[in-house]
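# Breakdown of the fold
Residues per chain, in single letters:
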Amino acid sequence: SQQGEEDPQALSIQEGENATMNCSYKTSINNLQWYRQNSGRGLVHLILIRSNEREKHSGRLRVTLDTSKKSSSLLITASRAADTASYFCATLTGANNLFFGTGTRLTVIP
Amino acid sequence: NAGVMQNPRHLVRRRGQEARLRCSPMKGHSHVYWYRQLPEEGLKFMVYLQKENIIDESGMPKERFSAEFPKEGPSILRIQQVVRGDSAAYFCASSPGTVFYEQYFGPGTRLTVT
């Protein structure tokens, strides 16, 4: 399966702390994307990193990509209660569809 | 610019009935993707369509499921003779192009089969 695997499955931190989520995948990719899903809602696109990029920033988000290890990480700095959600990585292969991981459930405690 | 629209948001069907899920992509987007999410799981790709063409249906179950994206109107995901195992959230996404474009997701349709 090409599906990504997120680690950890669930993470609970205090507001203000940093949260790090990891994603591993199995096949070569065109790009890797991170999405957020609030409970019972649709997905919100956070950041896209191409296979020839190693790091990308967007506000409080920092994504790294290591294609040699087939892994990516998402760092959320100075977390807020509103960051509580499930976070998914998704890989785009040449087949033009996204393969999603199983997600990390992040809880930020106020 | 309105986002991706899906309707209905919730759909309840009895076993054996048909379910029709609609998706209107963002303005200017001609690529539509359907995904299914079972409880506590990630999204799984079902089908990728462009106007009037199915490009990739490798994630679609072989029977009872079909999808279309006509020249005019929304994309339709159709499930015939629904069974309890079809209960899930179905998400539609659209993009202006492929491969290097991000996909914008709709709010989803939650299908419950009783």
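Since we're looking at a predicted model, the values are computed, not measured.

Counting its regular elements, chain B contains 0 helices and 11 strands. When the helices and strands of chain B are read in sequence order from the N terminus, they spell out β-β-β-β-β-β-β-β-β-β-β. Here the C-alpha radius of gyration of chain B, 13 Å, is about what a compact globule of 114 residues would show, namely 13 Å. With the principal axes as the frame, chain B shows a C-alpha extent of 40 × 25 × 25 Å. The buried share of chain B, reckoned over its 114 residues, is 43%. Considering only residue pairs separated by 6 or more positions, chain B has 53% of its internal contacts joining residues 24 or more positions apart. Charged side chains of chain B number 16 positive and 11 negative; the gap between the two group centres comes to 7 Å.

The subject of this paragraph is the interface of chain A and chain B. Tallying the contact residues gives 23 residues for chain A and 22 residues for chain B. Buried surface at the junction of chain A and chain B, both sides included, amounts to about 1800 Å², of which 51% is carbon and sulfur. Joining chain A to chain B, the criterion identifies 0 salt bridges. Counting the contacts that link chain A with chain B gives 3 residue pairs in polar contact (both at pLDDT 80 or more). The set of elements that each furnish at least two residues to the side of chain A that touches chain B consists of strand E4 (31-37), strand E5 (43-50), strand E9 (85-92) and strand E10 (98-100) of chain A. Here the residues of the side of chain A that touches chain B are counted per class, giving 8 nonpolar, 12 polar and 3 charged.

Turning our eyes to something else, we now look at the state of the cysteines. All names here are of chain A. Throughout the structure, instances matching the rule amount to 2 disulfides over all chains. Between the sulfur of Cys 23 and that of Cys 89 lies a disulfide, 1.9 Å long from S to S. Across the S-S bond linking Cys 23 and Cys 89, the dihedral sits near 65°, which makes this disulfide right-handed. Of the two residues, Cys 23 sits in strand E3 (residues 19-24) while Cys 89 sits in strand E9, which places them 66 residues apart along the sequence. Accessibility classification places Cys 23 together with Cys 89 in one group, the buried group.

Attention now moves to the pattern of salt bridges. All names here are of chain B. Going through the model one piece at a time under the given rule, you end up with 6 salt bridges over all chains. Taking the shortest distance from any N to any O, the salt bridge between Glu 18 and Arg 20 comes out at 2.9 Å. The salt bridge partner of Glu 18 is Arg 78, with a shortest N-O separation of 2.9 Å. With Glu 18 in the loop between strand E2 (10-13) and strand E3 (19-24) and Arg 78 in strand E8 (residues 75-79), the pair connects residues that are 60 residues apart, well separated along the chain. Taking the relative accessible area as the measure of exposure, Glu 18 reaches 30% and is therefore partly exposed.

Bringing the nonpolar core into the picture now. One finds B:Trp34, B:Met46, B:Leu77 and B:Tyr90 to be the most contacted residues of the largest nonpolar core, which totals 23 residues. When contributions to this core are tallied by element, the ones reaching two or more residues are E3, strand E4 (31-37), strand E5 (43-50), strand E7 (65-68), E8, strand E9 (88-95) and strand E11 (109-113) of chain B. The next biggest cluster of nonpolar side chains, apart from the first, holds 21 residues, and it includes A:Cys23, A:Leu61, A:Ala85 and A:Val108.

Residue and element names in this part refer to chain A. Taken in spatial order, the 5 strands line up as E1-E3-E8-E7-E6 in an open sheet, and their pairing is antiparallel. The open sheet has two edge strands with one neighbour each: strand E1 (5-7) and strand E6 (55-58). Averaged over all pairs of adjacent strands, the angle between their axes in this sheet comes to 15°, without regard to strand direction. The pairing of E1 with E3 spans 3 bridges and is antiparallel. Among the inter-strand pairings, Glu 6 is bridged to a residue of E3, identified as Cys 23.

What counts and how
Residues numbered from 1 in each chain as written. Chains lettered and ligands numbered in written order. Predicted model: local features only at pLDDT ≥ 70, side-chain atom pairs only at ≥ 80, totals over all residues. Heavy atoms only, no water. Helix = DSSP H or I, 4+ residues; strand = E, 2+ residues; numbered from the N terminus. Rg over C-alpha atoms; globule rule 2.2 N^0.38 Å. Buried < 20%, exposed > 50% of the residue type's maximum accessible area, 1.4 Å probe, protein only. Contact = heavy atoms within 4.5 Å. Lys, Arg positive; Asp, Glu negative; His and termini not counted. Charge placed at Lys NZ, Arg CZ, Asp CG, Glu CD. Buried area = accessible area lost by both parts, 1.4 Å probe. Salt bridge = Lys/Arg side-chain N within 4 Å of Asp/Glu carboxyl O. Polar contact = N/O pair within 3.5 Å; in protein donor to acceptor, adjacent residues only side chain to side chain. Nonpolar A, V, L, I, M, F, W, Y, C, P; charged D, E, K, R; others polar. Disulfide = S-S within 2.5 Å. Core = buried A, V, L, I, M, F, W, Y, C linked by side-chain atoms within 4.5 Å. Pairing = 2+ DSSP bridges. Axes fitted to C-alpha atoms, helices over the stretch in contact; angles between N-to-C directions.

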